[in-house]
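# Coordinate inspection notes
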Amino acid sequence: MVRLIAFDLEGTLVKSVSGWVELHKKFGTWEKGKEYAELFFSGEIDYVAWAELDASLWKGHTREEVMEWAESVEYMDYAPELIAFLKENDFKIAILSSGLKCLAERIGGELGADYIYANELVFDEKGVITGKVNPVVDFKSKGAILRELKEELKPELTVAVGDGYNDLSMFSEADVSIAINPHEGVEGDHNVGSLREVREIIADLLGGQ
């Protein structure tokens, strides 16, 4: 018996809203970063081009600087307890983030996630940002990733938890979708304000455990 739950990361499991934005602010490149974001949201460039434009602004910065940020990010209240509950109830846990792999791997490693998908900054052999990105998770592909996991695992129950527009494709693949503090216009089968409420919903799905 296998169950599957897919989590967005930023704004869902951790308090960071966007690693891209936070690194722009750390490196002093936010003004240009805002211009690139506007190009993406207006449809003038695709997600891959957007990611590489952002990363190009950080060339010369180091893995250590990026990890300094990643290590500073805090969990949402009740995140470790929720994951422990899910593991006790036979859930495979996936993190699907359109943010950065350095953060996703830190959180996924600490929580014991089974699958981690996120975008990877490319570093050279000295640990310096090259300006390239391995775009594993674009703005719409969370649904495709979740579909592949379902085909592989054939779970009896699939749950998706997220907060943003790029989580909607993931929601459409899940049996049950839960939107946590959702952005305007984003809705799941359930809309909640905390990870404790996510646990309550899943306990009800499992028969009140």
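About the cut-offs
Residues numbered from 1 in each chain as written. Predicted model: local features only at pLDDT ≥ 70, side-chain atom pairs only at ≥ 80, totals over all residues. Heavy atoms only, no water. Helix = DSSP H or I, 4+ residues; strand = E, 2+ residues; numbered from the N terminus. Rg over C-alpha atoms; globule rule 2.2 N^0.38 Å. Contact = heavy atoms within 4.5 Å. Lys, Arg positive; Asp, Glu negative; His and termini not counted. Charge placed at Lys NZ, Arg CZ, Asp CG, Glu CD. Axes fitted to C-alpha atoms, helices over the stretch in contact; angles between N-to-C directions. Parallel < 35°, antiparallel > 145°, perpendicular 65-115°, else oblique. Left-handed = near helix turned anticlockwise from the far one by under 90°. Nonpolar A, V, L, I, M, F, W, Y, C, P; charged D, E, K, R; others polar. Pairing = 2+ DSSP bridges. Salt bridge = Lys/Arg side-chain N within 4 Å of Asp/Glu carboxyl O. Buried < 20%, exposed > 50% of the residue type's maximum accessible area, 1.4 Å probe, protein only. Arc of directions from axis to C-beta.

Moving on to the overall build of the protein. Helix and strand content of the protein: nine helices and seven strands. Taking 2.2 N^0.38 as the reference for a compact globule, 209 residues should give roughly 17 Å; the C-alpha atoms of the protein span a radius of gyration of 17 Å, in line with that estimate. Summarising its shape, the C-alpha atoms of the protein cover approximately 55 × 35 × 30 Å along the three principal directions. Contacts in the protein between residues at least 24 apart in sequence constitute 60% of all its contacts with a sequence separation of at least 6. Side chains of the protein give 21 positive and 40 negative charges; the mean places of these two sets differ by 3 Å.

Turning our eyes to something else, we now look at the packing of helix H5 (residues 79-88) against helix H9 (residues 195-205). Where H5 contacts H9, the two axes come as close as 9 Å, and the packing angle between them is 15 degrees. The angle between H5 and H9 falls in the class roughly parallel. Crossing handedness for the pair H5 and H9: left-handed. Here Ala-79, Leu-82, Phe-85 and Leu-86 of H5 lie close against H9, whose contacting residues are Leu-195, Val-198, Arg-199, Ile-202 and Ala-203. Looking at side-chain class alone, the contact of H5 with H9 contains eight nonpolar, no polar and one charged residues.

This brings us to the sheet that holds strand E7 (residues 190-192). In space, the seven strands of this open sheet follow the order E4-E3-E2-E1-E5-E6-E7, with mixed pairing throughout. Single-partner strands in this sheet number two, and they are strand E4 (129-134) and E7. Within the sheet, the average angular offset between the axes of one strand and its neighbour, ignoring direction, is 20 degrees. Relative to strand E6 (residues 176-180), strand E5 (residues 157-162) runs parallel, the two sharing four bridges. From the neighbouring strand, Val-159 faces E6, where its bridge partner is Val-176. On top of the sheet, helix H1 (residues 19-27) reaches strand E2 (91-100), strand E3 (115-123) and E4; it is set at about 40 degrees to E2, its chief contact.

Attention now moves to the pattern of salt bridges. Per the stated rule, a full pass over the model turns up 14 salt bridges. Linking Lys-32 and Glu-35 is a salt bridge whose minimum nitrogen-to-oxygen distance equals 3.3 Å. A residue pair is termed a helical-turn pair when its members lie 3 or 4 positions apart in one helix, as Lys-32 and Glu-35 do in helix H2 (residues 30-41) at three residues. Its relative accessible area of 41% is what places Glu-35 among the partly exposed residues. With a closest N to O distance of 4.0 Å, Glu-71 and Arg-106 form a salt bridge. One end of the pair, Glu-71, is in helix H4 (residues 63-72); the other, Arg-106, is in helix H6 (residues 101-111), with 35 residues separating them in the sequence. For Glu-71, a relative accessible area of 48% puts it in the partly exposed group. By relative accessible area, which is 12% here, Arg-106 ends up buried. The network of salt bridges with shared partners includes Asp-8, Lys-142 and Asp-167.

Right, let's get into H5. Along H5, the positions that sit buried rather than exposed are Ala-79, Leu-82, Ile-83, Phe-85 and Leu-86. Projected down its long axis, H5 shows its buried positions confined to an angular sector of 160 degrees, all on one face. In this structure, the buried side of H5 is in contact with strand E1 (3-7), E2, H6 and H9.

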